[in-house]
Amino acid sequence: MKKEFKVPHTLTLLFSMMIIAMIATWIVPQGFFDTALTDTGRTVVIPGTYTLAEDRELLTPWQLLTAVPRAFAAAQDIIFFVFIVGGVLAVARRTGTVDALIGRLLEKHSDAPHKLIFMVIFFFSLASGAIGTAGEYIPFVLILVALCKAMRLDSMTAVGMTVAGYGVGYGVSAFNPFTVLIAQGIAEVPPYSGMWLRLALILPFCIIAYHHVWKYAQKVIADPKASLVADLPCPVGDISNKSYPGLNKRHKLILASFLITIGIAVYGISEHGWYLYELGACFIGWGLLTTLIGQLSFDQASDSFIEGVKDLTTTAVLIGIARGIALILEDGQILHSIVHGLSMPLSHVPATVSAFGMLVIQTILNLFVPSGSGQAFVTMPLMAPLSDLVGVPRQVAVLAYQFGDGFSNMIVPTNAVLMGIIGIAGVPYDRWFKFCIPLLLKLMAAATLVLVLAVVFGYGADVQPEVAMASIEAVIAS
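As a convention, each chain's residues are numbered from 1 in the sequence order in which they are written. Local features in this predicted model are restricted to residues of pLDDT 70 or higher, and side-chain atom pairs are both shown and tallied only at a pLDDT of 80 or more, whereas totals for entire chains, interfaces and linings draw on every residue. Side-chain metrics rest on all non-hydrogen atoms present in the structure, leaving aside hydrogens and water.

Enquirer: Is there a simple way to explain the overall build of the protein chain in this structure?
Expert: Only DSSP runs of H or I with at least four residues qualify as helices, and only runs of E with at least two residues qualify as strands; both kinds are numbered from the N terminus onward. The secondary structure content of the protein chain amounts to 20 helices and four strands. In the protein chain, which comprises 478 residues, the proportion classed as buried is 54%. Two residues qualify as a contact provided that any one of their heavy atoms is within 4.5 Å of a heavy atom in the partner residue. Sequence-distant contacts, at least 24 apart, represent 81% of the contacts inside the protein chain between residues at least 6 apart. All accessibility values rest on the Shrake-Rupley procedure with a 1.4 Å probe; residue burial counts only the protein chains present in the view. When the accessible area of the protein chain is evaluated, it comes to approximately 20,900 Å², of which 66% is carbon and sulfur surface. Accessible area is worked out with a 1.4 Å probe on protein chains only. A residue is then buried under 20% of its type maximum, exposed over 50%, and partly exposed in between.

Here is the structure:
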């Protein structure tokens with residue numbers, strides 16, 4: 001009997017990539033581009049200056065091991081920001097606000113399947129796009145399954161609306177601190193710049209996802225045997241008889257204070273150049289206010305905060321290890337060599353095709369680096385200078401990263417959140433793949449169109465670093 005293939009743990013995959021990166025430094029030609037500083041003191045490569053290194057330096061296994069703690073130190077601001085956000089959101093959950101809000105939406109639309117599907121997709125996409133929620137949806141999966149069962153639907157529909165909202169939210173996020181903020185920081189464009197386009201894309205992409213899920217739901221309503229999980233038991237049990245808390249005044253005040261906090265953060269970023277330290281302070285302030293409004297004791301809030309931090313320990317570790325891959329490539333002087341190699345085929349095609357190529361690369365890499373922030377660390381140091389070389393604004397490169405990471409989150413088996421959602425709903429991965437692959441192709445087609453138009457109309461050219469902007473103009477002129 002053949003032993004079934006088991007997907008390795010994400011940490012195993014990332015460390016394996018570090019080993020591969022070290023071996024690559026022994027094989028790939030070592031070289032570098034000349035660099036220049038922007039007015040903000042950040043470094044950009046100068047196209048056409050790539051040269052091979054005169055002396056080849058071979059990294060040793062010892063340098064591989066020391067790269068791990070160095071990577072954690074290099075990513076410390078992101079790691080601690082993740083811990084703060086996770087802890088504060090756990091405090092908000094302790095007040096019952098999250099349960100009450102989603103429960104209210106579900107209860108209000110439970111007698112209208114099409115409204116329920118759209119509202120869940122839209123609300124989850126907004127939440128994921130704003131604060132990077134993902135695993136928080138797992139507790140609500142069984143509630144959605146129960147509601148779907150009451151409306152003559154199936155568990156696939158429940159999973160579909162949940163994961164579609166999560167995927168679209170990450171893909172077209174306007175200000176997700178775990179993806180957009182990190183990627184823009186690495187690409188050296190102003191935090192949250194270009195938000196107007198991403199906000200405009202939320203509704204169209206939600207409609208694409210809604211159409212796919214509702215079209216399937218209609219088939220199940222018309223013929224229950226058409227369900228992809230018709231032969232499987234429904235996992236809800238007695239959960240359909242359970243209730244969720246009502247949305248009271250305290251919950252509403254907490255939600256209002258959250259919106260105010262986001263507004264203050266956005267203002268501080270745009271007007272005063274705030275970054276992760278200031279954003280972390282904003283969330284800490286909101287957590288304290290939530291504790292007071294929610295009438296939690298400080299001991300309760302502290303316990304919840306610590307639990308929230310614990311829940312994101314894995315994410316933090318993955319961020320650190322993923323940063324180590326880039327460090328190995330930098331130490332081995334092959335990071336620029338890889339950029340040069342990738343730019344060679346893309347530089348011979350129009351910028352619009354190059355943007356599509358970036359989308360494909362990000363989509364494939366998400367299989368190996370399912371953490372959104374981790375993928376940003378792995379890929380954006382390559383994609384940002386590559387975009388300079390091929391004449392694509394860095395803002396478009398960030399958008400390609402978002403699309404590739406967010407949409408493929410819905411289908412890659414290395415995504416722990418996805419596997420948790422389909423597991424609790426009793427949906428086998430192969431059947432989920434059959435349901436989701438057409439949706440993924442639709443979203444990717446729409447994303448390709450957006451990227452092409454973004455390049456044509458110069459999306460992000462107004463925030464392009466000056467040296468990089470001159471590089472793009474030189475590429476276009478040549």
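Enquirer: Is there a simple way to think about a positive patch on the surface in this case?
Expert: On the surface, Arg 104, Lys 108, Lys 115, Lys 249 and Lys 252 cluster together to form a positively charged patch. Of all the secondary structure elements, the ones that give two or more residues to the positive patch are α4 (97–108) and α10 (249–272). Among the secondary structure elements, Lys 115 is positioned in helix α5 (residues 113–131). Within the patch definition used here, like charges are joined within 9 Å and nonpolar side chains (Val, Leu, Ile, Met, Phe, Trp, Tyr) within 5 Å, considering only residues with over 30% relative accessible area and no salt bridge. Between Lys or Arg on one side and Asp or Glu on the other, a salt bridge is scored when a side-chain nitrogen of the former is within 4 Å of a carboxyl oxygen of the latter. Charge counting follows a simple rule: Lys and Arg are positive, Asp and Glu are negative, and His as well as the terminal groups are ignored. A charge is said to be at NZ when it belongs to Lys, at CZ for Arg, at CG for Asp and at CD for Glu.

Enquirer: Looking at this structure, how should I read the side chain of Ser 193?
Expert: Along the chain, Ser 193 turns up in the loop between α8 (180–187) and α9 (195–222). Residue class for Ser 193 comes out buried when judged on its relative accessible area of 11%. With near-sequence residues (within four places) excluded, Ser 193 lies in contact with Gln 184, Arg 198, Gln 395, Tyr 459 and Val 463.

Enquirer: Can you walk me through a nonpolar patch on the surface in this structure?
Expert: Side chains of Ile 19, Ile 23, Trp 26, Ile 27 and Leu 58 sit close together on the surface and give an oily, nonpolar patch of about 470 Å² of accessible area. Within the secondary structure, Ile 23 sits in helix α1 (residues 10–27). On the basis of relative accessible area, Ile 23 is assigned to the partly exposed category, the value being 36%.

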